[in-house]
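Descriptive analysis of the structure
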Amino acid sequence: MRFTRLRRLVTSRRVWLTIGLLVMLALVLLLQQRSDDSPPESFAGLGEETETFARAEPSHQLRFPDDHGPHPNYRIEWWYLTANLHDTQGEPLGIQWTLFRQALASPNDETAGDNGDSPWTTDQLWMAHAALSTPDSHWLDERFARGKPAPDQQGQAGVEAQPFAAWLDNWQLRSRAPNGDGLDALTVSARGIDDDSTFGYRLDLTAEGPLVLHGDNGFSQKTADGQGSFYYSQPFYRVEGQVEIDGEIRNVSGQAWLDREWSSQIMGPTQQGWDWFSLHLNDGHKLMAFRMRGGGDDGEDYLSGSWISPDGDVTDLANDTIELIPTEHSSVAKREIPTQWQLRLPGQDLDVTVEARNPERWMDTVFPYWEGDVTVEGSHSGVGYLEMTGY
Amino acid sequence: MSLAAYRTALLTLLSHYRRHPGQLVMLLVGLWVASALWSGVQAINASARDSYARAEALFSQQLDRIERRDGQPLRYEDFLTLRRDGAPVSPMVEGEVELADGTRLPVLGIDPLTLPEGGGLGAAQASETLLRFLRPPYRTRVAPETLATLSAEPGATPTLASGGTMPPLATDRTLPPELAVMDIAAAVVLLEASGPSHLVIAPEATLSLPDEWIRHSADNLTAPGQLTDSFHLNLTAMGLLALVVGLFIVHAALSLTLEQRLGLMRTLRALGLPGRPLVALLATELLILGLVGAMAGIASGVWLAQWLLPDVAASLQALYGERLGDELSLPWYYWAGGLTVTLGGLLTAGASSLWHAARLDILAMGRSQAWHGRFQRQLTGMAVAGGLLWLLAIGLGGWLHQLPPRAGLTLGFTMIAAALLGSALWLPPLLASLLAVLARTLRHRPLAQWAFADVNLQLPRLSVAMMALLIALSANLGVSSMVDGFRLTFLDWLDQRLVADLYLRPPADRYEAVADWLRERDGIDALLPTRDSETRLIDTPMQSTAQPVGLYGVTPHPRLRERWPLLDAISNDPWPAFQQGAVMINEQLALSSALSPGETLTLRTPQGPRAFQVAAVYADYGNPRGEVMLTTERLIERFQAPPGSIGLVLPPGRATDISALRDELSQHFGISRDSLIDQATLKQQSRTIFERTFAITRALNGLTLGVAGIALLTSLLAQAPQRRRQLAPLWAQGVSRRRLTGIGLCQLGGTALITACLAVPLGLALAWSLVAKINVAAFGWRLPLHVFPEHIATTLVLAVAVTLLAALLPAWRLWRLPPGHLLREFDAS
Amino acid sequence: MLELCDVSKSYATPQGPLSVLAGISLRLPAGDSLALMGESGCGKSTLLHLAAGLDVPDSGRVILAGQALDTLSESRRSALRRHRLGLVFQAFHLVPSLSVSDNLRLQARLADREDSAWTDELLGRLGLIGMRDRYPEQLSGGQQQRLAIGRALAVRPDLLLADEPTGNLDERSADEVLTLLLALVADSGCALLMVTHSPRVAAPLNHCLRLSHGQLMEATP
């Protein structure tokens, strides 16, 4: 008897009409939400097209020490240092010091206007990341600065080629030796705050090998259709220095790798990101390998790398001579990130497992990515750094 | 029962209004008016709160400021040095631009790349927005309200008075109104600044600064929401008052319609409509009426708020420096809140009607109402309830007394509300007993006896309207006493504080030059430089943490010494002690930290904590903070205060050419003519601000009185048929209609007079609690109580006038009634 | 149709409880008519209220249309009253703000039994056709009572309860109304229980009972 009323309600047309209206309203609101979400972009906008900037091309001679400095004709550039260290107790530590430059105005931009001399006008955006990792923890700090690339203007951030100095605020990477190649003897220092912890480091880097040019004499191709960058490294640093965490100072030593890269377009507009390895093997060899996801023909991945002998001879590794297979994933910062890889170079009899010491190495910066120290086991052993972007 | 049957029943219930549309109008008007006044006030409050929230969230409010001690502007190199040392500082440049049409717009230049977290970069989303912000032609980010004020579209480039243009406009919903934010590179050019005006740093960041810099803590800046809280609470109180009075009308209308429909409802029940559906239908009717009335009210509320907003905005800007846009920005909770409050109020007003309907006694059909007994019981209930409310009010008053100043504002208002409602509930019993007494004394005069009995008959209906009138009248009296007393005090105080004849605030870099030049110049008797700064008060009897206080430096010229408004002092002449190094404190500080003359207080100085003796307490109306006063020299010596303003004392009698002075200042130092302000202008400006502030209060007060008048009018109109029935027998017995009308007016006038007599002491009590309790709770300082006999007289006259005005229409109708009608009424009863 | 079994009802008065009905029993089959007589104030109306379910007896049962009223919930009792009973009161109790036509159809609409043909016929037989859009206050006493009867019959009740239907009318109108009432009742075949103090009014009905000192007894008008 009671249900008749309910049944009548359920079959009543008016009720369904009202429900229908409400559902439609909800849908409209939902769609509104959706349309506000922008389509996914390539990592940090590095896949955007550029016409006005210079293009990285092969058959270009790199000259040092000039090319240690900034190249404002190219849109993006970085000075990228990673170090695998250990303290007096043998505990492994990882260090990162990076200075990014992004041009805000193209080279032929005339809109500087009347106040081109004002120290505040900017046509470059500088970004610096400093990170320190112990087996259990990870600290990072990020800073930004406006700037001009002109080396004679001592701004908040900048790079000078000779004598080499790169800085943002009081984070520095500078040459200790005024003569000789600019990057042979460096000191790197940074201090940062992460949540309530303070961390810092001051390290002396001494090169025990020559500069290494990747790819075709320094032109490193990144996609199948010819996009690329100018890319050279100094992977042979021996490191001595001190690390400070919340006031506690530790003496450390180890190895470091400095990457220098600049380009105007590293990826195609639809590519998501890359995975990049830099490994110090125990027999003295160094290995650089990267996988541009979606950069190959028909949207396949584009692989490349450099096999570096202890004397500094470089063997350029083409697409088909490298195998990079992610074998294990971890859930980091709500994303699925491969933290264990199988790396094979059949031509060099290399078959190793590269594994992150600790998956929690997410760089929670404005453009976030994963960067952390790794161990190498297998046919060869060693340590290194792994960077994964676009996840 | 089917839906059609319910529809029939509902339509039957509603058909009553077809015959008595006046009652429906009364109901809707009551709802509409109550809702409009409440919503209007809430619209202003909601709009303002939205504005404050944005202002408080503005990054510049939550960060510490770093400036040079000598007040000089900073240079790029200063910023660079600190940054290269690792200090996470960010530059800002502040100023004002004048647009081509004369409006002045504050401008803030920022560097989003170095702002502490949450300030600028994190929300930059696409690098495209950041790119446009950082690169020519730059962007001017403003709140949507500011766009409206400038009558511009996004992308427009407003023209400046100097001829240049501002960067293209872009909307930013998170910004407070009347503020333009742009990149520091653009701002520096626009404001013609030589460098940043100050640096900001996150409060938690530690930094050791060299001596020539000073760091101002962010929490020294009182959040705009805090300052203006009391202002808005005042507005809310007025709105609530209007709402309550309006709801009285609604309650009266509802109980009238219920009573007249009792027969109808009983018939429906007898014909087979169950009890619960009946109550549900009545509730539905209430809901429909409520929605209609609420919509009309909320919409009118917006209109009312628009009307009041310019005055409110001007007051807020003048009193607190807070900028409110000229446009209302109404968040969703304004609409939801208005609807809820109106419907809730309606339900409260109608609850008793619904309850009666639920307990309907079908069998009482045809039997006449035992109204008399019921009303007597109601009177007792009212007296008891009124007594309880008064006890509550007294209890709250005692509790409030124990609280420190600037606390317990809500408590104070609740106390007043309890007292008002308690008195209102006492009115009907008072009227009834007074009438009984009067009836007994005049029982040998038949017409008079009938008149009193007749008033008794009308009492159940009339008393509700009288209660509304009581509340409105006492509120009127209380508030006007407070306002007029405030005005007297304020004007006196202005005369005392404004000692110099002219005032000038030279820019920091030219201060010394200007001061020297003025000293040499003829026609100026004395210079009274003042400076202000801030510091912290350490370890007072009341507080254990360091309390921020303002510092004020004055030059104790004889004219100042004789006029300064001292409230309490260590001796008859505390000035020598003052010149020797003692301090004076303002009333706010004296109350909040329980310091009195003769005691010592400890202040934090750059050289470390230092003790000072308190020589006197002075009145400082309108200052939300505690303040410590020293001589200007001491302030410079101990606290290195930056330059402030200079007061010029002109020789009495001799007319100094002020215009020439302005010209010379403009020529020699580039100081604009308007920068030199004379005392008369200052006083006039202050008075205007004062009047504008209280214009709002007055408007709301007057409206509330109007609402009470409407309550009375509708009540009388609704009763009209019954009245005719009561009067018919007398007319049949030979009393002329003129006499009857006259008696009617006397009845009403007399009742109103009694109400007014109760309203007078209540109003004065209200005035006292406003000046002695509410003001202290809101602002931290007391006002003296002034009683104005003319106000009391006005109250009495107003009461009678409003009542007679309301009675005019029904009386005229009665007068015009053909005698046959009266007879028919008689027959039908 | 209607049965009262040993029903008692008393009221509280300042002088002590007053027993109005003391264990009375009564049966009214379908289609039958019964007049209830007695002095004023002796409880006839009370009996009618109990029969209609408007009041509850202190003891005993009231069975209406085969259902015992004390076993029903309030809404069921209302439904029963709505669908099966017609009520005619002495004081008309029309809704002043509804038109004549709406007043007539009121109970029928509440019971979802509106039959336009039947109500129009009723209006015609009651002589109210020309007044359909007027309001009760514009009708004479006789016309108002006719309207009340029309309202009660519009729902086609099984039982019509009438409480002194001609009490407020002058003699001529009373006769007219009574004739109409009896004719309509005979035509629709419903039972009729009428309370009256006038033997003339009670005469045409089938049965007659007298209520005296709380007891029912047979009577002749």
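Here, the structure is the one placed above.
Because the structure is a prediction, the values reported are computed rather than measured.

**Examining the overall build of chain B**
Assigned secondary structure in chain B consists of 23 helices and 18 strands. Counting contacts in chain B only where the partners sit at least 6 residues apart, residues at least 24 apart contribute 81% of the total. With the model as given, the accessible surface of chain B reaches about 35600 Å², and the carbon-plus-sulfur share is 58%.

**So, the overall build of chain C**
When its secondary structure is counted, chain C shows 7 helices and 10 strands. Residues classed as buried in chain C amount to 55% of the 221 residues present. For chain C, the share of sequence-separated contacts (at least 6 apart) that also reach a separation of at least 24 residues comes to 69%. In the structure as shown, chain C presents an accessible area of about 9200 Å², 48% of it carried by carbon and sulfur atoms.

**Overview of empty space enclosed by the protein**
By rolling a water-sized probe across the atoms, one finds the places where empty space is left. All names here are of chain B. Going through the model one piece at a time under the given rule, you end up with 7 cavities of 30 Å³ or more. Roughly 270 Å³ of internal volume is contained in the second largest cavity. In terms of lining, the second largest cavity is formed by 17 residues, of which the most central are R723, L727, P810, A811 and L814. Taken together, the elements giving at least two residues each to the lining of the second largest cavity come down to α20 (679-732), α21 (737-779) and α22 (789-816). Ranked by residue count, the leading element in the lining of the second largest cavity is α21, at 6 residues. By residue class, the composition of the lining of the second largest cavity is 10 nonpolar, 4 polar and 3 charged.

**Considering the interface of chain A and chain B**
At the interface, 27 residues of chain A touch 28 residues of chain B. Counting each side, the surface lost to burial between chain A and chain B is near 2500 Å², with a carbon and sulfur contribution of 56%. A per-residue breakdown of the area chain A buries against chain B is headed by W120, R146 and Q156 of chain A, which together make up 29% of the total. The residue R83 of chain B makes a salt bridge to D169 of chain A at a minimum N-O spacing of 2.5 Å. Joining chain A to chain B, the criterion identifies 5 residue pairs in polar contact (both at pLDDT 80 or more). For the side of chain A that touches chain B, the per-class residue count stands at 10 nonpolar, 9 polar and 8 charged.

**A few points about the sheet that holds strand β2 (residues 16-28) of chain C**
Residues and elements named next belong to chain C. The antiparallel open sheet is built from 4 strands, whose spatial order is β2-β1-β4-β5. Of all the strands in the sheet, the pair left with one neighbour each is β2 and β5 (67-68). By the bridge criterion, 5 bridges tie strand β1 (residues 2-13) to strand β4 (residues 59-64) in an arrangement that is antiparallel. Among the inter-strand pairings, E3 is bridged to a residue of β4, identified as I63.

**A closer look at the interface of chain B and chain C**
Residue-level contacts link 25 residues of chain B with 23 residues of chain C. Summed over both partners, the interface of chain B with chain C comes to about 2200 Å²; 62% of that surface belongs to carbon and sulfur atoms. For the pair chain B and chain C, the number of links is 2 salt bridges. Between R269 of chain B and E74 of chain C there is a salt bridge, and its shortest N-O distance comes to 2.9 Å.

**Some remarks on the nonpolar core**
With 153 residues, the main nonpolar core has L13, V250, M265, L324, W564 and M629 of chain B as its most contacted residues. A per-element tally of this core places helix α13 (residues 446-497) of chain B first, with 22 residues. W564 of chain B has contacts with Q496, R497, Y552, V554, W575, Y618 and M629 of chain B, leaving out every residue within four places of it along the chain. With 44 residues, the next largest nonpolar core counts I95, V188, L205 and Y232 of chain A among its residues.

**Topic: the packing of aromatic side chains**
Residues and elements named next belong to chain A. The final tally for this structure, using the stated rule, is 20 aromatic pairs over all chains. Measuring from centroid to centroid gives 6.4 Å for Y80 and W276, while their planes differ by 40 degrees, and the two rings are tilted. Separated by 196 residues along the polypeptide, Y80 in strand β1 (residues 76-87) and W276 in strand β14 (residues 274-281) bring together distant segments of the chain. For the pair formed by Y80 and W276, the shared burial category is buried. One aromatic cluster is present, built from ring pairs that chain together F64, Y74, F219, F230, Y232 and W262.

Conventions and cut-offs
- Residues numbered from 1 in each chain as written.
- Chains lettered and ligands numbered in written order.
- Predicted model: local features only at pLDDT ≥ 70, side-chain atom pairs only at ≥ 80, totals over all residues.
- Heavy atoms only, no water.
- Helix = DSSP H or I, 4+ residues; strand = E, 2+ residues; numbered from the N terminus.
- Contact = heavy atoms within 4.5 Å.
- Areas by Shrake-Rupley, 256 points an atom, 1.4 Å probe, with all protein chains shown as cover.
- Buried < 20%, exposed > 50% of the residue type's maximum accessible area, 1.4 Å probe, protein only.
- 1 Å grid on protein atoms, 1.4 Å probe; cavity = no way out; pocket = protein on both sides within 12 Å on 5 of 7 lines; lining within 4 Å.
- Points joined across faces, edges and corners; volume = space filled by probe spheres on them.
- Nonpolar A, V, L, I, M, F, W, Y, C, P; charged D, E, K, R; others polar.
- Buried area = accessible area lost by both parts, 1.4 Å probe.
- Salt bridge = Lys/Arg side-chain N within 4 Å of Asp/Glu carboxyl O.
- Polar contact = N/O pair within 3.5 Å; in protein donor to acceptor, adjacent residues only side chain to side chain.
- Pairing = 2+ DSSP bridges.
- Core = buried A, V, L, I, M, F, W, Y, C linked by side-chain atoms within 4.5 Å.
- Phe/Tyr/Trp six-rings, centres within 6.5 Å; stacked < 30°, edge-to-face > 60°.

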